Amino acid sequence: MRVAILGCGAMGTVLGAYMTKNGCDVEMIDSYAEHVRALNEKGAHIVGTVDLTVPVKAIVPEQMEGIYDIVFLFTKQTANDVVLPHLLPHLGPESTVCTLQNGVPEPYVASFVGEGRTVGGTVLWGATFLSPGVSELTQDLSRNDHLFEIGEMDGSIGPRIKKVAEVLGYMGPTAVSDSLMASRWGKLINNACMSGMSAACGATFGEVLDNDVARACLSYLGREVKRCCEAAGYQLPILLHEQSPETLDIVDQAMFEADQEMFLTMYSDMRTAKASMLQDLEKGKPTEVKMINGYVCQTGDKYGIDTPFNDKVVEIVSKIERGELPLSMENVALFDRSLFDYPLYHV
């Protein structure tokens, strides 16, 4: 069986290192030639919560040959229009593309490779690209019951998705879900909230958590995701307490504070991490903000749901991309405080 990881930035490098270390013959494919050269010459060096170096096999896309049985798609969604057509000649009728990208990419990926060859999944750990051949694992993997949650678009659980789970198992425990799209929305809480604020404020996760206004925005962003998810017909696997804007009482305030405590707990061991969108901004690259927060906004438009906080993240990050705003925590002041239903929560 031929297995490949297409897109070996921070996350793909960590995945490839662990899979190779634990006995899976996997080909790591990335367009960054210097990174590919470093992987082949020095191995994949993973630092952070671990320190390991693993000899790996890496190529650039132009070196792809033959048919792959399973391809784990880890490129940015911004590259899909280029990456997916190039991948097509290397897929057979029984090949499987498992997209591990941020957001809700399955429908778009399926439009290129076919729904019959598309599965998807969420990644429940974080990493940061440091330099060619080197990625930082920003989370203690032992704290997770499972590292991936994958599934078919139609919710079925058959031999194909079980085989994908078996291969991902070379890195760690993998859960198979019969509600992939709900799981995707659950991960979108992380992407739209913490990654969105990290990018908008030019801040690490810890710096976002330590700022009362930025942390409040996490709660408001999350509630917009929740409303849009439910309008689309899915139930979030993550609990977010619903606000009652008609009244401000002690119960609502307690729920608002509970939401922020959830984020504080969720990211307690990832305080030094930076969102991949922030890493892109620091490198002057386009981000996936329109595929992440923008996806929430588009869903809100479809179902008549206001999404002012996600709208603002898209606006701020887009302006940073164009050089119209700096990477600064001061950008948090651009969120309309008149939309804050509760007093700030000080921890």
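Residues numbered from 1 in each chain as written. Predicted model: local features only at pLDDT ≥ 70, side-chain atom pairs only at ≥ 80, totals over all residues. Heavy atoms only, no water.

Caption draft 1: Representation of the overall build of the protein chain in the model. Helix and strand content of the protein chain: 12 helices and 12 strands. Relative to a compact globule of 347 residues, whose C-alpha radius of gyration would be 20 Å, the protein chain shows 20 Å and is just as compact. In terms of overall dimensions, the protein chain has C-alpha extents of about 60 × 40 × 40 Å along its principal axes. The 347 residues of the protein chain split such that 56% are buried. Here the protein chain carries 27 positive and 46 negative side-chain charges, and the mean point of each set is 4 Å from the other. (Helix = DSSP H or I, 4+ residues; strand = E, 2+ residues; numbered from the N terminus. Rg over C-alpha atoms; globule rule 2.2 N^0.38 Å. Buried < 20%, exposed > 50% of the residue type's maximum accessible area, 1.4 Å probe, protein only. Lys, Arg positive; Asp, Glu negative; His and termini not counted. Charge placed at Lys NZ, Arg CZ, Asp CG, Glu CD.)

Caption draft 2: Here's a closer look at the packing of helix α6 (residues 180-201) against helix α12 (residues 308-321). Direction vectors running N to C along α6 and α12 enclose 35°, while the axes themselves pass 9 Å from each other. As α6 runs across α12, the sense of the crossing is left-handed. Note on element contacts: α12 touches α6 through N310, V313, I316, V317 and I320, opposite A192, G196, M197, A199 and A200. Across the contact of α6 with α12, the residue classes break down as eight nonpolar, two polar and no charged. (Axes fitted to C-alpha atoms, helices over the stretch in contact; angles between N-to-C directions. Left-handed = near helix turned anticlockwise from the far one by under 90°. Contact = heavy atoms within 4.5 Å. Nonpolar A, V, L, I, M, F, W, Y, C, P; charged D, E, K, R; others polar.)

Caption draft 3: Examining helix α1 (residues 10-21) more closely. An ideal rise of 1.5 Å per residue puts 16 Å on 12 residues; α1 measures up with 17 Å between its terminal C-alpha atoms. Within α1, 10 of the 12 residues are buried, which leaves the element mostly enclosed by the surrounding structure. Looking at α1, one finds that the buried residues are A10, M11, G12, T13, V14, L15, G16, A17, Y18 and M19. Count one or two residues on from α1 and you reach G23, which has phi positive near 105°. (Expected span 1.5 Å × (residues − 1).)

Caption draft 4: Seen up close, the sheet that holds strand β9 (residues 127-131). In space, the four strands of this open sheet follow the order β4-β3-β10-β9, with mixed pairing throughout. The strands lining the two open edges of the sheet, one partner per strand, are β4 (52-54) and β9. Taken pair by pair, the neighbouring strands of this sheet meet at an average axis angle of 25°, ignoring direction. Across four bridges, the pairing between β9 and strand β10 (residues 134-137) is antiparallel. (Pairing = 2+ DSSP bridges.)

Caption draft 5: Representation of the pairing of strand β3 (residues 44-48). Note: β3 against β4, three bridges, orientation antiparallel. In the strand pairing of β4, I46 is matched with L52. The turn joining β3 and β4, which pair antiparallel and follow one another in sequence, is formed by three residues. The pairing of β3 with β10 spans four bridges and is parallel. The partner of V47 across the bridge, within β10, is E136.

Caption draft 6: Region of interest: the confidence of the model for the protein chain. Considering every residue of the protein chain, the mean pLDDT works out to 92; 95% of them sit at 70 or more. For residues 241-251, every residue scores under 50 in pLDDT, and the model assigns this stretch 21 contacts once sequence neighbours within four places are set aside. (pLDDT = per-residue confidence, 0-100.)

Caption draft 7: Looking closely at the sheet that holds strand β2 (residues 26-29). An order of β5-β2-β1-β6-β7-β8-β11-β12 is seen for the eight strands of this open sheet, with the pairing classed as mixed. Only two strands of the sheet have a single partner each, and these edge strands are β5 (57-59) and β12 (174-176). Recorded for the sheet is a direction-independent mean angle of 25° between the axes of neighbouring strands. Bridge analysis of β2 against β5 gives three bridges, and the strand direction is parallel. Each residue of the ladder has a partner; that of M28, found in β5, is A58. Its contacts with the sheet place helix α2 (residues 33-42) against β2 and β5, and it is angled at close to 160° to β5. Helix α5 (residues 159-168) rests against β1 (3-6), β6 (68-73), β7 (91-99), β8 (118-123), β11 (148-152) and β12 of the sheet, and its axis sits at about 160° to β11.

Caption draft 8: Highlighting the nonpolar core. Counting 55 residues, the largest nonpolar core has M197, L218, F263, F335 and F340 as the members making the most contacts within it. Sorting elements by how many residues they give to this core places α6 first, with 12 residues. Not counting chain neighbours up to four residues away, the residues in contact with L218 comprise C193, M194, M197, V208, L209 and F263. Core analysis: the second largest hydrophobic core is formed by 43 residues, V14, M28, V119 and F129 among them. (Core = buried A, V, L, I, M, F, W, Y, C linked by side-chain atoms within 4.5 Å.)

Caption draft 9: Looking closely at the packing of aromatic side chains. Summed over all chains, the structure comprises nine aromatic pairs. A ring pair is formed by Y32 and F129, whose centres lie 6.3 Å apart and whose planes are at 45°; its orientation type is tilted. With Y32 in the loop between β2 and α2 and F129 in strand β9, the pair connects residues that are 97 residues apart, well separated along the chain. Arranged with centres 5.6 Å apart and planes meeting at 50°, the rings of W185 and Y295 form a pair that is tilted. Of the two residues, W185 sits in helix α6 while Y295 sits in helix α11 (residues 293-303), which places them 110 residues apart along the sequence. By relative accessible area, Y295 is classed as partly exposed at 26%. Members of the aromatic cluster, each reached through a chain of ring pairs, are Y220, F309, F335 and F340. (Phe/Tyr/Trp six-rings, centres within 6.5 Å; stacked < 30°, edge-to-face > 60°.)

Caption draft 10: Representation of the side chain of N293 within the structure. Along the chain, N293 falls in helix α11. Excluding residues that lie within four positions of it along the chain, N293 makes contacts with N191, A192, G196, L221, M277, N310, V313 and V314.

Caption draft 11: Just the packing of helix α3 (residues 80-87) against helix α4 (residues 106-113), in detail. α4 packs onto α3 with a crossing angle of 40° between their chain directions and a minimal axis gap of 9 Å. The angle between α3 and α4 places the two elements in the oblique class. Considering how the two elements wind past one another, α3 and α4 form a crossing that is right-handed. Of α4, the residues touching α3 (which contributes N80, D81, L84 and P85) are Y108, V109, F112 and V113. (Parallel < 35°, antiparallel > 145°, perpendicular 65-115°, else oblique.)

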